[in-house]
Amino acid sequence: MNTYKSNSLLLLMLFLGFATFVSCKQEKKEAQQVETIQETGISDSLKWSERMALTLMKHHPEAYQIDDKTEPKWDYVHGLVLTSFEQLYKKTGNEQYFNYIKGYADACIDSTGAIPSYKFKDYNIDMIEAGNILFNLYNTTKEEKYLKAMQLLRKQLDEHPRTSEGGFWHKKRYPSQMWLDGLYMGEPFYARYTVEYENGKNLDDVAKQFELIQKHALDSKTGLLYHGWDESKAMDWADKQTGCSPNFWSRSLGWYAMALVDVLDYFPQEHPKQKELVQYLNQLAVALVKVQDASGLWYQVTDRGDKEGNYLEASGSAMFAYAFAKGANKGYLPAEYKDVANKAFDGLTRDLIKIGENGEVIITQACAVAGLGGNPYRDGSFEYYVNERKKDNDPKATGPFILAALELNK
């Protein structure tokens, strides 16, 4: 072997050795970070946003374990919580938060961009939501699999069944139905994708989803919106004149409020639909303040605080705190809504949070799940909502809590 080849081979071996050393060092650092969280307490000198994030990482070392899952599953609750981690990473620059998000995506998405646990033909609008974490992952890493996964989710929206006026069904198995939840599940992803990859050509279609839910689910007397609307009026829970479900559920209204403040990130002020969406947000804010409890929180059944069995519920309250704080910070809402958000957040930390022996933050009084129809049948009655099970640190509460804490700098 000549001297040139010998030197080149030596340099290559040195480079590979150094690369392996750096990689091992990074892996060791990440393992040490997780180990530190596991073994040490969570300091109360940290802001609430980090205290909650570290609590979740302590109990769920792998992000796919959120909501007590035992194997990777593509799901909206993971997307919601990890969206809050993304905002936390942007604010702190702490790589462990980014790595936690990436770990979930890598556990759920294969090298081709396929998502094995995702069933395209279910046409479930919930499954779009976790796609929100992929934009930043792709922009940061340029790994093609994240783009392919986004394109797959975008394709679902192209084929997703719709009402006669163009509203996305909540799921294929819930024909002709739009739920407030679905606006958060689909529209922020849709809005961002069309702005970043389609020159904003479908923003009118994004706005249409809000227009339709305002047209059909809004109660003109209270200014609140019903949880669901069935165009066919075939469901037993649907009013035979309006097609609406019978009650106002705070978390569904929270999904809707968050959907509005998040899609507005992608609507330029000069877009003809932007002012319309801001108006919807303001109308909802006025209606919600009227039924806010003196504690700063909201009841599970939003307008029935005086009825026995109702309770102050954490997830909806956290969602409203986030939506009001962000709305005020962005100028969509009057500045006084920042005070409303602070009052709600203070109510959460004072009345609904317990601190574990190692400093863990535990949100209580969070409704674990609620819906309409299905089997066993959910009738949307007052009794149904207040008797659904509760779960401490349910991800529908923890994610919005972190988002609200970041908007309020708490």
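See the structure shown above.
The structure presented is a predicted model; accordingly, all values stated were derived computationally and were not measured.

Chemist: A description of the overall build of the chain should follow, citing residues and the corresponding values.
Modeler: For the chain, the helix and strand inventory stands at 14 helices and six strands. The C-alpha atoms of the chain give a radius of gyration of 23 Å, which matches the 22 Å a tight globule of 410 residues would have. If one aligns the C-alpha atoms of the chain with their principal axes, the spans along those axes are about 90 × 50 × 45 Å. Counting over 410 residues, the chain shows a buried share of 57%. When contacts within the chain are restricted to residue pairs at least 6 apart in sequence, those whose partners lie at least 24 apart make up 71%. Summed over its atoms, the accessible surface of the chain is roughly 17,600 Å², and 50% of this surface lies on carbon and sulfur atoms. Across the chain, the centroid of the 48 positively charged side chains sits 2 Å from that of the 56 negatively charged ones.

Chemist: Got a sec to walk through empty space enclosed by the protein? Specific residues and values, please.
Modeler: Under the definition given, this model contains one cavity of 30 Å³ or more. For the largest cavity, the calculated volume is near 60 Å³. If you trace the largest cavity, you find it lined by Ile125, Phe168, Trp169, His170, Met178, Trp179, Gly182, Leu183, Glu187 and Gln209. Elements with a contribution of two residues or more to the lining of the largest cavity: strand 1 (177-179) and helix 7 (180-197). The dominant element in the lining of the largest cavity, judged by the number of residues it contributes, is helix 7, at three residues. Across the lining of the largest cavity, the residue classes break down as six nonpolar, three polar and one charged.

Chemist: So, helix 6 (residues 144-159): which residues are in play, and what are the values?
Modeler: An α-helical turn contains 3.6 residues, so a residue and the one three or four places further along point in the same direction. Across its 16 residues, helix 6 extends 23 Å between first and last C-alpha, which sits within 8% of the 22 Å expected from 1.5 Å per residue. Along helix 6, the positions that sit buried rather than exposed are Lys145, Tyr146, Leu147, Ala149, Met150, Leu153, Arg154, Gln156 and Leu157. On the buried face of helix 6, the contacting elements are helix 4 (95-108), helix 5 (134-141) and helix 7.

Chemist: Could you give me a rundown of the pattern of salt bridges, with the residues and numbers involved?
Modeler: In the structure shown here, the tally under the stated rule is 26 salt bridges. Between Lys145 and Asp106 there is a salt bridge whose closest N-O contact spans 2.9 Å. Note that Lys145 is positioned in helix 6 and Asp106 in helix 4, a separation of 39 residues in sequence. Put simply, Glu143 and Lys145 hold a salt bridge, and the shortest N to O gap is 4.0 Å. Each of the salt bridges in this network shares a partner with another, and the network as a whole consists of Asp67, Asp68, Lys69 and Lys391.

Chemist: With reference to specific residues and values, describe helix 12 (residues 337-352).
Modeler: The first and last C-alpha atoms of helix 12 sit 21 Å apart over 16 residues, in line with the 22 Å expected at 1.5 Å per residue. Turning to helix 12, its buried residues number three or more, namely Tyr337, Val340, Ala341, Ala344, Phe345, Gly347, Leu348, Thr349 and Leu352.

Chemist: Describe the packing of aromatic side chains, naming the residues involved and giving the relevant values.
Modeler: The tally for this structure, following the rule as stated, stands at 23 aromatic pairs. On the basis of an interplanar angle of 45 degrees and a centroid distance of 5.4 Å, the ring pair of Tyr89 and Phe98 is categorised as tilted. With centroids separated by 5.6 Å and ring planes inclined at 65 degrees, the aromatic side chains of Phe120 and Tyr123 adopt a geometry described as edge-to-face. The pair formed by Phe120 and Tyr123 is uniform in burial state, with each residue classed as buried. Within the aromatic cluster, the residues linked to one another by ring pairs are Phe135, Phe189, Tyr193 and Tyr197. Seen from the ring of Tyr138, Lys142 lies directly overhead, with NZ or CZ sitting 5.1 Å from the centre. Lys307 extends its terminal NZ or CZ atom over the ring of Phe382, reaching a point 4.4 Å from the ring centre.

Chemist: Give me the packing of helix 9 (residues 250-263) against helix 11 (residues 314-330): which residues, what numbers.
Modeler: Orientation of helix 9 relative to helix 11, taken along the N-to-C sense of each, is 25 degrees, at an axis distance of 8 Å. With respect to helix 11, the axis of helix 9 lies roughly parallel. In the crossing of helix 9 with helix 11, the sense of the turn from one axis to the other is left-handed. Residues Ser250, Arg251, Leu253, Gly254, Trp255, Ala257, Met258, Val261 and Asp262 of helix 9 lie in contact with helix 11, whose contacting residues are Ser315, Gly316, Met319, Phe320, Tyr322, Ala323, Lys326 and Gly327.

Chemist: Explain the packing of helix 2 (residues 48-59) against helix 14 (residues 395-408) to me, using residue names and the numbers behind them.
Modeler: Think of two packed helices as two axes; the pair is described by the angle between the axes and how far apart they sit. Where helix 2 contacts helix 14, the axes come no closer than 8 Å and their chain directions differ by 155 degrees. Between helix 2 and helix 14, the angle is such that the two are roughly antiparallel. Remark: the crossing between helix 2 and helix 14 carries left-handed chirality. Contacts from Trp48, Ser49, Met52, Ala53 and Leu56 of helix 2 reach helix 14 at Thr398, Phe401, Ile402, Ala405 and Leu406. Its residues assigned to classes, the contact of helix 2 with helix 14 shows eight nonpolar, two polar and no charged.

Chemist: Run through the environment of Lys73, naming residues and quoting values.
Modeler: Assignment of secondary structure puts Lys73 in the loop between helix 2 and helix 3 (76-92). Distance from Lys73 to Asn247, taken between C-alpha atoms, is 31 Å for residues 174 residues apart in sequence. Discounting chain neighbours no more than four positions away, the residues touching Lys73 are His78, Tyr104, Cys108 and Ser117.

Chemist: Can you break down the side chain of Gln274 residue by residue, with the values?
Modeler: Along the chain, Gln274 turns up in helix 10 (residues 274-290). Not counting chain neighbours up to four residues away, the residues in contact with Gln274 comprise Leu264, Phe267, Pro268, Gln269 and Tyr332.

Cut-offs applied
- Residues numbered from 1 in each chain as written.
- Predicted model: local features only at pLDDT ≥ 70, side-chain atom pairs only at ≥ 80, totals over all residues.
- Heavy atoms only, no water.
- Helix = DSSP H or I, 4+ residues; strand = E, 2+ residues; numbered from the N terminus.
- Rg over C-alpha atoms; globule rule 2.2 N^0.38 Å.
- Buried < 20%, exposed > 50% of the residue type's maximum accessible area, 1.4 Å probe, protein only.
- Contact = heavy atoms within 4.5 Å.
- Areas by Shrake-Rupley, 256 points an atom, 1.4 Å probe, with all protein chains shown as cover.
- Lys, Arg positive; Asp, Glu negative; His and termini not counted.
- Charge placed at Lys NZ, Arg CZ, Asp CG, Glu CD.
- 1 Å grid on protein atoms, 1.4 Å probe; cavity = no way out; pocket = protein on both sides within 12 Å on 5 of 7 lines; lining within 4 Å.
- Points joined across faces, edges and corners; volume = space filled by probe spheres on them.
- Nonpolar A, V, L, I, M, F, W, Y, C, P; charged D, E, K, R; others polar.
- Expected span 1.5 Å × (residues − 1).
- Salt bridge = Lys/Arg side-chain N within 4 Å of Asp/Glu carboxyl O.
- Phe/Tyr/Trp six-rings, centres within 6.5 Å; stacked < 30°, edge-to-face > 60°.
- Lys NZ or Arg CZ within 6 Å of the ring centre and 35° of its normal.
- Axes fitted to C-alpha atoms, helices over the stretch in contact; angles between N-to-C directions.
- Parallel < 35°, antiparallel > 145°, perpendicular 65-115°, else oblique.
- Left-handed = near helix turned anticlockwise from the far one by under 90°.

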